[in-house]
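Residue strings, one per chain:
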Amino acid sequence: MAEVDETRRRMIFRTLQGVTLTAVGGAFWAGFVHENAQAELVLRPPGALPEDEFLATCIRCGLCVNDCPYDTLKLGAYGDNVPVGTPFFEPRKVPCYLCEDIPCAAACPTGALDLLSLTDEEGELDVSKSRMGVAVVDYNNCIASRGLRCDACVRACPYIGDAIFVDTRRNPRTGKHAMLVPVVDADYCTGCGLCEHACVTEEPTIIVLPREVALGKAGEHYDLPSPDFTPEVPENEI
Amino acid sequence: MRSKLRFVYAHYRFLILRRALQLGILLLFFGANAWGWNLLAGDLSSSRILGKVPLADPLAVLQLLLAGGVLAGEVLVGALLVLIAYALIGRAFCAWVCPVNLITDLAEWTRKLLGFREPPLMYLNRKLRYVVLAMVLVLSLALSLPVFEFVSPISAAARGVAFGMGMGWALLLAIFLFDLFVVRHGYCGHICPLGAFYSLISRFRRVRVRHVKDNCTLCGLCFNACPEPHVLSLVGKHDGTVNIPECTNCFRCVEVCDDDALFVSLSGGWSK
Ligand code: SF4
Ligand code: SF4
Ligand code: SF4
Ligand code: SF4
């Protein structure tokens, strides 16, 4: 009888050992994966699904990276602070040049880059529908906002006049000069980063951030007119 | 010279082919990214042959599906093709394709070179890999993320060669050292969930190692060469095929056997 109890006690103990090890191992594993998936400042290629869906869809094959003709895209490696193996780009290094045939999204075998979201009503590809991020200006350091003549970012934008435009303001310091301040309209900005790439300051003073990071939300209960930033500047002031 | 060639052929023909295939695949992945080659582009998670035929890692696809990913048909077809292939040829991925096998075999080779016979630093059960596989599936479902893809040394190696290694080398070095000093055949023989997955689907494989008992001299060379020696339990006992699923079909046992007791058998099935 005592024999049997001893075997049983042993078995229960072994089982508990196994379960504990599995649980502890699983917790560390889950912790690492969770942490690695949280990298917030990652810019995805055109047509990428929302980040949580993207991470559950992208198989990390790099076919998008292979087919990008400008070497814009990279696959995250350990140490890149990007969910490991997923495609991303850093516009200050190489921006997205918004290829009309969108080869990156066309190459994706999983649908993590959703070509349909980049197709207009006529069924034509329309890369201007990509929303990789949104450009944000650091007005404290942007030299145009400090009164110098610069419109590098505005001129670099393929959607000049829609996604970014120059807001002409009176320079209060001199009282007689104009300031040509770049303003971004998030409704049109694709997040390609051509502006960030072109910015002349030492560190870019216009940078692309993921839309979830940079944009807020007013809430459903506001009944707002559609945003219209385009300043109405009298002709003679330009 | 002739006899030397014959010796190499007799003892290393499969090993040479395996290394050529393993390295060739990595070279094609690298060339696809660096020079725009088209023969095989992508990495071991998913790839395309000649820009047309899709291939995909079925375990990666399974994780994504459990994570709730709505996958496009192409990658599902790719996973199915690979699944069918390995169902027919067994766990050959491990011996013929996987880049980690290069590392763990190097650790084993180093062990033999240095004459390590020390007992393992810790005890691991060879069934542990099935627990790890179960954890992969459960955690992928729970976290809505493909959890093995975040830590897989297999992806890290193949992706690293093609797209840049980053700190991934540390993971690979850790596996080398683990296999060298901690547990013999540690990673591939005890832990890897992908090896476990391919073992599970290899039950009805058509390619097996066949043993002829009467030729066997019980020299033990096959046991020494095999990364999963428990699958050779029939050797010296009875005729038949190696049916235990963890066999990687590397055919090292066949080429090291000097007594015509082990063969590659294409008929498969549960022959006597
Ligand atoms: S649109 Fe063109 S430049 Fe931009 S990421 Fe895709 S392939 Fe590269
Ligand atoms: S092609 Fe698609 S699945 Fe492959 S890495 Fe790019 S986004 Fe991910
Ligand atoms: S067990 Fe895993 S790491 Fe080892 S060869 Fe097989 S798939 Fe590769
Ligand atoms: S039984 Fe032979 S073919 Fe199978 S893993 Fe062992 S050495 Fe390789």
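Residues numbered from 1 in each chain as written. Chains lettered and ligands numbered in written order. Predicted model: local features only at pLDDT ≥ 70, side-chain atom pairs only at ≥ 80, totals over all residues. Heavy atoms only, no water.

## Observations concerning the overall build of chain B
Logical step 1: A count of helical and extended segments in chain B gives 13 helices and 6 strands.
Logical step 2: The globule rule puts the C-alpha radius of gyration for 272 residues at 19 Å, and the 19 Å found for chain B is close to it.
Logical step 3: Scored against the burial criterion, the 272 residues of chain B give a buried share of 52%.
Logical step 4: Within chain B, contacts between residues at least 6 apart in sequence are counted, and of these 73% link residues at least 24 apart.
Logical step 5: Between the averaged position of the 26 positive side-chain charges in chain B and that of its 16 negative side-chain charges there is a distance of 3 Å. (Helix = DSSP H or I, 4+ residues; strand = E, 2+ residues; numbered from the N terminus. Rg over C-alpha atoms; globule rule 2.2 N^0.38 Å. Buried < 20%, exposed > 50% of the residue type's maximum accessible area, 1.4 Å probe, protein only. Contact = heavy atoms within 4.5 Å. Lys, Arg positive; Asp, Glu negative; His and termini not counted. Charge placed at Lys NZ, Arg CZ, Asp CG, Glu CD.)

## Looking at the sheet that holds strand β6 (residues 262-265) of chain B
Residues and elements named next belong to chain B.
Logical step 1: On the basis of which strands lie adjacent, the open sheet formed by 3 strands has the order β5-β4-β6 and antiparallel pairing. Across the chains shown, the open sheet's two edge strands, defined by having one partner strand only, are β5 (240-241) and β6.
Logical step 2: Direction of pairing for strand β4 (residues 208-211) relative to β6: antiparallel, over a ladder of 4 bridges. Counterpart to R210 in the pairing with β6 is F263. (Pairing = 2+ DSSP bridges.)

## With respect to the site of ligand 1
Logical step 1: All residues in the neighbourhood of ligand 1 are listed as A:P46, A:C68, A:P69, A:Y70, A:T72, A:L73, A:C96, A:Y97, A:L98, A:C99, A:P103 and A:C104.
Logical step 2: Class assignment for the residues of the shell around ligand 1 results in 11 nonpolar, 1 polar and no charged. (Near = heavy atom within 4 Å. Nonpolar A, V, L, I, M, F, W, Y, C, P; charged D, E, K, R; others polar.)

## Quick look at the packing of aromatic side chains
Logical step 1: A full pass over the atoms with the stated rule returns 10 aromatic pairs over all chains.
Logical step 2: Measuring from centroid to centroid gives 4.5 Å for A:Y70 and A:Y97, while their planes differ by 40 degrees, and the two rings are tilted. Here A:Y97 lies in the loop between β2 (87-88) and α4 (103-107) and A:Y70 lies in the loop between α3 (63-67) and β1 (74-75), a separation of 27 residues in the sequence.
Logical step 3: Under the relative-accessibility criterion, A:Y97 is labelled partly exposed at 35%.
Logical step 4: Ring plane angle 45 degrees and centroid distance 5.3 Å describe the contact between B:W35 and B:W37, whose orientation is recorded as tilted.
Logical step 5: For B:W37, a relative accessible area of 36% translates into the label partly exposed.
Logical step 6: Taken together through their ring pairs, the aromatic side chains of B:Y86, B:F93, B:F197 and B:Y198 make up a single cluster.
Logical step 7: Over the ring of B:F150 we find A:R60; its NZ or CZ atom is 4.3 Å from the centre of that ring. (Phe/Tyr/Trp six-rings, centres within 6.5 Å; stacked < 30°, edge-to-face > 60°. Lys NZ or Arg CZ within 6 Å of the ring centre and 35° of its normal.)

## Details of the environment of B:L180
All names here are of chain B.
Logical step 1: By the element assignment, L180 lies in helix α9 (residues 168-182).
Logical step 2: Accessibility expressed as a relative area gives 5% for L180, which makes it buried.
Logical step 3: Taking the C-alpha atoms as reference points, L180 and R111, separated by 69 residues in sequence, lie 6.1 Å from one another.
Logical step 4: Those residues in contact with L180 that sit more than four places away from it in its chain are A107, T110, R111 and F116.

## Topic: the sheet that holds strand β3 (residues 53-56) of chain B
Residue and element names in this part refer to chain B.
Logical step 1: Taken together, the 3 strands give an open sheet; going across it, the order is β1-β2-β3, and neighbouring strands pair in antiparallel fashion. In this open sheet, the two edge strands, each paired with only one partner strand, are β1 (40-42) and β3. Across this sheet, the average inter-strand angle for adjacent strands is 25 degrees, counted without regard to direction.
Logical step 2: Relative to strand β2 (residues 46-49), β1 runs antiparallel, the two sharing 3 bridges. Bridge pairing in β2 places G42 opposite S47.
Logical step 3: Sitting on the sheet, helix α1 (residues 2-35) is in contact with β1 and β2, with an inclination near 65 degrees to β1. (Axes fitted to C-alpha atoms, helices over the stretch in contact; angles between N-to-C directions.)

## Comments concerning the interface of chain A and chain B
Logical step 1: Contacts between the two partners involve 33 residues from chain A, matched on the other side by 44 residues from chain B.
Logical step 2: Summed over both partners, the interface of chain A with chain B comes to about 2,900 Å²; 68% of that surface belongs to carbon and sulfur atoms.
Logical step 3: Of all residues in chain A, A:W29, A:I59 and A:Y78 bury the most surface against chain B, accounting for 26% of the area lost on that side.
Logical step 4: Across the contact surface, chain A and chain B share 0 salt bridges. (Buried area = accessible area lost by both parts, 1.4 Å probe. Salt bridge = Lys/Arg side-chain N within 4 Å of Asp/Glu carboxyl O.)

## Details of the site of ligand 3
Logical step 1: Taken together, B:R91, B:F93, B:C94, B:C98, B:V100, B:N101, B:I154, B:Y187, B:C188, B:C192 and B:G195 make up the full set of residues near ligand 3.
Logical step 2: Here the shell around ligand 3 is built from residues that sort into 8 nonpolar, 2 polar and 1 charged.

## A word on the pattern of salt bridges
Logical step 1: Counted according to the given criterion, the structure contains 14 salt bridges over all chains.
Logical step 2: Between A:R44 and A:E51 there is a salt bridge; the shortest N-O distance is 2.7 Å.
Logical step 3: With its nearest N and O atoms 2.6 Å apart, the salt bridge here joins B:E74 to B:R48. Of this pair, B:E74 sits in helix α3 (residues 73-89) while B:R48 sits in strand β2, and the two are 26 residues apart along the sequence.
Logical step 4: You can call B:R48 buried: its relative accessible area is 11%.

## Looking at helix α11 (residues 193-200) of chain B
Logical step 1: The element α11(B) is largely enclosed, with a buried count of 7 among its 8 residues.
Logical step 2: Looking only at α11(B), the buried set comprises B:P193, B:L194, B:G195, B:A196, B:F197, B:Y198 and B:S199.

## Some details on a negative patch on the surface
Logical step 1: Together, A:E40, A:D52, A:E53 and A:E212 make up a region of like negative charge exposed at the surface.
Logical step 2: Of note, A:E212 is situated in helix α7 (residues 211-214). (Patch = residues over 30% accessible without salt bridge, like charges linked within 9 Å, V, L, I, M, F, W, Y side chains within 5 Å. Areas by Shrake-Rupley, 256 points an atom, 1.4 Å probe, with all protein chains shown as cover.)

## Observations concerning the packing of helix α5 (residues 99-114) of chain B against α9(B)
Residues and elements named next belong to chain B.
Logical step 1: The contact between α5 and α9 brings their axes to 9 Å, and the two run at 35 degrees. Between α5 and α9 lies a crossing whose hand is right-handed. Here V100, I103, T104, L106, A107, T110 and R111 of α5 lie close against α9, whose contacting residues are L172, I175, F176, D179, L180, F181 and V182.
Logical step 2: Looking at the contact of α5 with α9 residue by residue, the classes come out as 10 nonpolar, 2 polar and 2 charged. (Left-handed = near helix turned anticlockwise from the far one by under 90°.)

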